[in-house]
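Breakdown of the fold
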Amino acid sequence: MYLNRIYKKYPTQKDCIKHLEVIKWNSVPVCPCCQSKRQTPMPRELRYHCNNCQYSYSVIAKSIFHKTKVDLQKWFAAIPLIIQNNISGRQLAKYIEVTKDTACFMVQKIKIANREQPEFISHFLN
Ligand SMILES: [Zn+2]
């Protein structure tokens, strides 16, 4: 039930990425290497190629979602549960249907992110 709502709001990985791009870049991608806004989208990879320095990058690089195998929708759902409802890893595992180890890892990541980048995290709170 909890997950249905988030998958309705963000049906695909691409929808999640779009949401992150609005938060981080106001929808205009900026190269993390040279700060150029001249880029070529690589839609299949959901990444960008910098036309200035040739670096390829995505909005999730250096974020808490970097290299995650968990659906971004589950991360988005987990943030308010952890920050606002203060649920445990064990409870989170049930809510978002991941293993307890994965849930505990996410709890740690999200709590650190909330300390270091509260503004970013605030975009996911209800
Ligand atoms: Zn660049």
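Residues numbered from 1 in each chain as written. Predicted model: local features only at pLDDT ≥ 70, side-chain atom pairs only at ≥ 80, totals over all residues. Heavy atoms only, no water.

1. Digging into the coordination of the zinc ion
Stated formally: Excluding water, the donors of a metal are its N, O and S neighbours within 2.8 Å, or within 3.2 Å for Na, K and Ca, and that exclusion means sites may look incomplete. Angular criteria define each label, namely tetrahedral for four donors with all angles between 85 and 135 degrees, square planar for four and octahedral for six donors with opposite donors over 155 degrees apart and remaining angles between 65 and 115, and irregular for whatever fails these tests. We count a stretch as a helix when DSSP gives it H or I for four or more residues in a row; a strand needs E for two or more, and each element gets its number in order from the N terminus. Note on classification: 1.4 Å probe, protein chains only; a residue is buried when its accessible area is under 20% of the maximum for its type, exposed when over 50%, partly exposed between these limits.
The coordination sphere of the zinc ion, as far as protein atoms go, consists of Cys31 (SG), Cys34 (SG), Cys50 (SG) and Cys53 (SG), spread over 2.3 Å. Coordination geometry of the zinc ion: the 4 donor atoms subtend angles of 102 to 114° at the metal centre, consistent with an arrangement described as tetrahedral. Sequence positions of the donors to the zinc ion reduce to the motif C-x2-C-x15-C-x2-C. Of this pair, Cys34 sits in the loop between helix 2 (13–25) and strand 1 (39–42) while Cys53 sits in the loop between strand 2 (47–50) and strand 3 (56–57); the two residues are 19 residues apart in sequence, bridging distant segments of the chain. According to the relative accessible area criterion, Cys34 is partly exposed, its value standing at 25%.

2. Section: the packing of aromatic side chains
Put simply, the test is: Put simply, two rings from Phe, Tyr or Trp (the six-membered ring, in Trp's case) pair if the centres are within 6.5 Å, and we call them stacked under 30 degrees between planes, edge-to-face over 60, tilted for the rest.
Counting across every chain of the model gives 10 aromatic pairs. One aromatic cluster in this structure is built from Tyr10, Phe65, Trp75, Phe76, Phe120 and Phe124.

3. Section: the packing of helix 3 (residues 72–83) against helix 4 (residues 89–96)
Using the following cut-off: Fitted lines through C-alpha atoms give the axes, limited to the stretch in contact for helices. The angle between two N-to-C directions lies from 0 to 180 degrees. By the definition adopted for this analysis, an angle is roughly parallel if under 35 degrees, roughly antiparallel if over 145, roughly perpendicular if from 65 to 115, and oblique otherwise. Left-handed describes a crossing whose near helix is turned anticlockwise from the far helix by less than a right angle; the clockwise case is right-handed. Note on contacts: a residue pair qualifies if any of its non-hydrogen atoms lie within 4.5 Å across the two residues. Classes in brief: Ala, Val, Leu, Ile, Met, Phe, Trp, Tyr, Cys and Pro nonpolar; Asp, Glu, Lys and Arg charged; the others, Gly included, polar.
Running from N to C, helix 3 and helix 4 point in directions that differ by 140°, and their axes come no closer than 11 Å. Taken together, the axes of helix 3 and helix 4 lie oblique to each other. Classified by chirality, the crossing of helix 4 by helix 3 is right-handed. In this structure, helix 3 contributes Lys74, Ala77, Ala78, Leu81 and Ile82 to the contact, and helix 4 contributes Leu92, Tyr95 and Ile96. Among the residues forming the contact of helix 3 with helix 4, the class breakdown is 7 nonpolar, no polar and 1 charged.

4. Points about the pairing of strand 2
The following threshold applies: Two strands make a pair as long as DSSP finds a minimum of two bridges between them.
Only one face of strand 2 is buried: it carries Tyr48 and Cys50, and the other face, with Arg47 and His49, is open. Hairpin connection, strand 1 to strand 2: the antiparallel pair is bridged by 4 residues, and Leu46 has positive phi, about 55°. Strand direction decides the pairing type here: strand 2 and strand 3, joined by 2 bridges, are antiparallel. Note on strand 3: the bridge partner recorded for His49 is Ser56. In sequence, strand 2 turns back onto strand 3 through a hairpin of 5 residues, with Gln54 there showing a positive phi of about 70°.

5. Quick word on the nonpolar core
Quick reminder of the rule: Side-chain atoms within 4.5 Å are what join buried Ala, Val, Leu, Ile, Met, Phe, Trp, Tyr and Cys residues into a set we call a nonpolar core.
Of all hydrophobic cores here, the largest spans 39 residues; its most connected members are Leu20, Phe65, Trp75, Phe76, Leu92 and Ile96. Among the elements of the structure, helix 1 (2–9), helix 2, strand 2, helix 3, helix 4, helix 5 (100–116) and helix 6 (118–122) are those that each provide at least two residues to this core. Take this core: its biggest share by element is 8 residues, from helix 3. Residues within four places of Leu92 in sequence aside, it is in contact with Ala78, Leu81, Ile82, Ile87, Glu97, Ala103, Met106 and Val107.

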